Amino acid sequence: MALLRCRGLRKEFAGHVVLDRLDLTVAEHRVVALIGASGSGKSTLLRCVNLLEEVDDGTIELDGEDISDPRVDADRVRRRIGMVFQAYNLFPHLSVLDNITLAPRRVHGRARAEAEAQARDLLDRVGLGAKAHAYPDALSGGQQQRVAIVRALANSPRLMLLDEVTSALDPELVGEVLTMIRDLKADGMTMVLATHEMGFAREVADEVCFLDAGRVVESGPPEQVLGEPTQARTRQFLRRIIEAGRL
Amino acid sequence: MTPREHTPSAAQLRRSAYRRRQSLRSVLIAAFSTAALGTLLVVAVTGAPGWDRVRQSFLDPEIGADALPAVLDGLWLNVRLLVCCAAGALLLGLVIAVLRTLRGPVFFPVRALAAGYTYTFRGLPLIIVLYLLTLGVPGLRLRGMPSVLVLGGLALVLTYGGYLAEVFRAGIESVHPSQLAAARSLGLTYRQTMRHVVLPQAVRRVAPPLLNDVVALQKDVGLVSLAGPIDAVRAAQIATAQSFNYTPYVVAGVLFVLLAIPLIAVTDWVTLRSARRQSGG
């Protein structure tokens, strides 16, 4: 069954159409990579799914529930969705541990001890156990992004949205974050990730969607979309990526 | 692994020696110019033709000692008023600032009221607010009317609440929208986001200007004496009228400065601590 189903999504900002009758279906335990040029609507799509933006038309269903219905409690929906941002967005005034336990404690009402034990367990698993009491500014970009992923995971989400999570990282720090996403896939996490890392999309994604001007122009298995694209615009985009040396 | 012993190169030694010479020179120049200016000032003031008269009427130790108990009594009123009014104004300012950030048409009346409040009380001179509350309100002869002191304190809270609300609002707006997005994406409600993510960052950022306003408030609490209660400055004024000597004013002034020092020191400490905690880890 589809965990996430977007139908005919439309979003415009001040007359500029960012999402244009966009359809996307994500089955449970599947990883979908969104590729496309900057401004093609990847981030907006993720923000709409997380109800951070209101769609101007179309429906979004999560677990069969229409979450684009204004009567839906957005806070309850977001508890089931984890989101990781390009710029990490950790809370600078809170330690790593407090960043991770904030939502479990305040949103899910867990006891501090229980939430911290879970957070430490997650941190140990990604090799950041020693950083529990550090503040975000004292960490490298890669470490911050891994903490941000752990923070989203602490909510035990049904779906993870990853918005260009490696774009702000130095090349040598990208690997540690990608390893973590690979492990998430192995655990069966359903993910939608916007990315510029074509090699990674090919490796980790079950399906690649090429977005252009707010629409899914082409989608399918990574070998097909990245290897033998049928659409002219996909070929053009991939050619530019190859020229930039990122494939 | 131990770091290898490092022997500075000849070029580095020359650079270090040059920097040492330069800083020594700067220190000497600064010390000399400060001493010269200080001497000049002392000579100019004490050598002035009217110096003896001024010293008698502003710096008479005997009159100062006589006035001290009354001025201290008045200062105690200042301190009590300051603590209550600062707490009240900070709370009011915070509430108003948060109300002004609420979005959506439902909150329009609340936003409009909050904005109207800050416009009115930042524009209205404190003395007029004081007169209106301490002279006008008791004129209504309502039952259970609080004392003039409480009404005066209320005038201070209303006026300073307006200033502090704008400082808080600046702090709230300085928190990047991505922080809100991150908090909401975790399922936190708007209230929880404000309480746990936005306000802690906002308040830390604006702590210095907030405490700056509290220092200003410390001097303005004395204005309640316009309505009767005797504060330090009023006590000094009474003592001056009795002795025809201005020394009590100087005594009050020195006491005010002494009172401000701990507050200013706290401001610096708070700023330093939060900066260190966030970057140090």
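Residues numbered from 1 in each chain as written. Chains lettered and ligands numbered in written order. Predicted model: local features only at pLDDT ≥ 70, side-chain atom pairs only at ≥ 80, totals over all residues. Heavy atoms only, no water.

A. Representation of helix 7 (residues 177-185) of chain B in the model. Along helix 7 of chain B, the positions that sit buried rather than exposed are Q179, A181, A182, A183, R184 and S185 of chain B. As for helix 7 of chain B, its buried residues are in contact with helix 1 (42-49), helix 2 (74-78), strand 6 (81-84) and helix 5 (141-153) of chain A together with helix 8 (190-220) of chain B. Downstream of helix 7 of chain B by a residue or two, G187 of chain B has a phi angle that is positive, lying close to 95°. (Buried < 20%, exposed > 50% of the residue type's maximum accessible area, 1.4 Å probe, protein only. Helix = DSSP H or I, 4+ residues; strand = E, 2+ residues; numbered from the N terminus. Contact = heavy atoms within 4.5 Å.)

B. Structural detail: the environment of G144 of chain B. Here G144 of chain B lies in the loop between helix 5 (126-136) and helix 6 (148-174). Taking C-alpha positions, G144 of chain B is 58 Å from G38 of chain B, a pair spaced 106 residues apart along the chain.

C. Representation of the nonpolar core within the structure. All names here are of chain A. In terms of nonpolar packing, the biggest core is built from 51 residues, with V84, I100, I149, M160, L162, I181 and M191 touching the most fellow members. Broken down by element, this core gets its largest block of residues, seven residues, from helix 6 (residues 171-186). Once you skip the residues sitting within four places of it in the chain, I181 turns out to touch I149, L162, V165, M191, L193 and F200. Counting residues in hydrophobic clusters, the runner-up holds 42 residues, among them L34, L159, A194 and C209. (Core = buried A, V, L, I, M, F, W, Y, C linked by side-chain atoms within 4.5 Å.)

D. Local environment of the sheet that holds strand 6 of chain A. All names here are of chain A. With mixed pairing, six strands are arranged side by side in an open sheet as 6-7-8-3-9-10. Since the sheet does not close on itself, it has two edges, and those belong to strand 6 and strand 10 (215-220), each with one partner. Averaged over all adjacent pairs, the angle separating strand axes in this sheet is 20°, with direction ignored. Helix-sheet contacts for helix 1 involve strand 3 (31-35), strand 6, strand 7 (159-163), strand 8 (190-194) and strand 9 (207-212), and the interaxial angle to strand 7 is about 150°. Docked against the sheet, helix 9 (residues 232-243) engages strand 3, strand 9 and strand 10, running at close to 95° with respect to strand 9. (Pairing = 2+ DSSP bridges. Axes fitted to C-alpha atoms, helices over the stretch in contact; angles between N-to-C directions.)

E. Layout of the sheet that holds strand 4 (residues 57-62) of chain A. Residues and elements named next belong to chain A. Here we have four strands laid out as an open sheet, ordered 2-1-4-5, and antiparallel in their pairing. Every other strand in the sheet has two partners, leaving strand 2 (16-27) and strand 5 (65-66) as the edge strands with one partner each. Relative to strand 4, strand 1 (residues 2-13) runs antiparallel, the two being bridged by five bridges. Its bridge partner being in strand 4, R5 is matched across the sheet by E61.

F. View of the packing of helix 3 (residues 61-101) of chain B against helix 9 (residues 232-243) of chain B. Residue and element names in this part refer to chain B. Between helix 3 and helix 9, whose axes approach to 7 Å, the crossing angle comes to 155°. Compared by their axis directions, helix 3 and helix 9 come out roughly antiparallel. Along this stretch, helix 3 crosses helix 9, giving a crossing that reads as right-handed. Contacts between helix 3 and helix 9 involve I63, A67, A70, V71, G74, L75 and N78 from the first element and A232, A235, A236, A239 and S243 from the second. For the contact of helix 3 with helix 9, the per-class residue count stands at nine nonpolar, three polar and no charged. (Parallel < 35°, antiparallel > 145°, perpendicular 65-115°, else oblique. Left-handed = near helix turned anticlockwise from the far one by under 90°. Nonpolar A, V, L, I, M, F, W, Y, C, P; charged D, E, K, R; others polar.)

G. Fine view of the pairing of strand 2 of chain A. By the bridge criterion, eight bridges tie strand 1 of chain A to strand 2 of chain A in an arrangement that is antiparallel. By the bridge assignment, F13 of chain A is partnered in strand 2 of chain A with H16 of chain A.

H. Layout of a nonpolar patch on the surface. All names here are of chain B. A contiguous nonpolar patch, built from V54, F58, L59, V233, Y246, Y249, V250, V254, V257, L258 and I261 and spanning about 910 Å² of accessible area, is present on the exposed surface. The set of elements that each furnish at least two residues to the nonpolar patch consists of helix 2 (51-58) and helix 10 (247-280). For the nonpolar patch, the leading source of residues is helix 10, giving six residues. The residue V257 is located in helix 10 in this model. (Patch = residues over 30% accessible without salt bridge, like charges linked within 9 Å, V, L, I, M, F, W, Y side chains within 5 Å. Areas by Shrake-Rupley, 256 points an atom, 1.4 Å probe, with all protein chains shown as cover. Salt bridge = Lys/Arg side-chain N within 4 Å of Asp/Glu carboxyl O.)

I. Region of interest: the packing of helix 5 of chain B against helix 6 of chain B. Residues and elements named next belong to chain B. As a packed pair, helix 5 and helix 6 sit with axes 9 Å apart at the nearest point and diverge in direction by 145°. For the pair helix 5 and helix 6, the crossing hand works out as right-handed. On helix 6, the residues touching L126, V129, L130, L133 and T134 of helix 5 are V148, L151, G152, L154, A155, L156, L158 and T159. Considered class by class, the residues forming the contact of helix 5 with helix 6 number ten nonpolar, three polar and no charged.

J. Highlighting the confidence of the model for chain A. Looking at chain A, pLDDT values average 92 and 99% of them are 70 or higher. For chain A, the element scoring lowest by mean pLDDT is helix 7 (residues 198-204) of chain A, at 88; helix 3 (residues 96-106) of chain A scores highest, at 96. (pLDDT = per-residue confidence, 0-100.)

K. Up close: the layout of surface pockets. All names here are of chain B. Looking at the largest pocket, its volume works out to about 620 Å³. Lining of the largest pocket is provided by 15 residues; of these, T101, L102, R103, R184 and Y190 occupy positions nearest its centre. Secondary structure elements with two or more residues in the lining of the largest pocket: helix 6, helix 7 and helix 8. (1 Å grid on protein atoms, 1.4 Å probe; cavity = no way out; pocket = protein on both sides within 12 Å on 5 of 7 lines; lining within 4 Å. Points joined across faces, edges and corners; volume = space filled by probe spheres on them.)

L. Molecular detail of the interface of chain A and chain B. Counting residues at the interface gives 24 residues for chain A and 22 residues for chain B. With both sides pooled, the region where chain A packs onto chain B buries about 2,000 Å², and carbon together with sulfur makes up 60% of that total. The tally of links between chain A and chain B comes to one salt bridge. D75 of chain A is the salt-bridge partner of R184 of chain B, the closest N and O atoms lying 3.1 Å from each other. Secondary structure elements with two or more residues in the side of chain A that touches chain B: helix 2, strand 6, helix 3 and helix 5 of chain A. With three residues, helix 3 of chain A is the single largest residue contributor to the side of chain A that touches chain B. The residue inventory of the side of chain A that touches chain B, partitioned by class, reads 13 nonpolar, four polar and seven charged. (Buried area = accessible area lost by both parts, 1.4 Å probe.)

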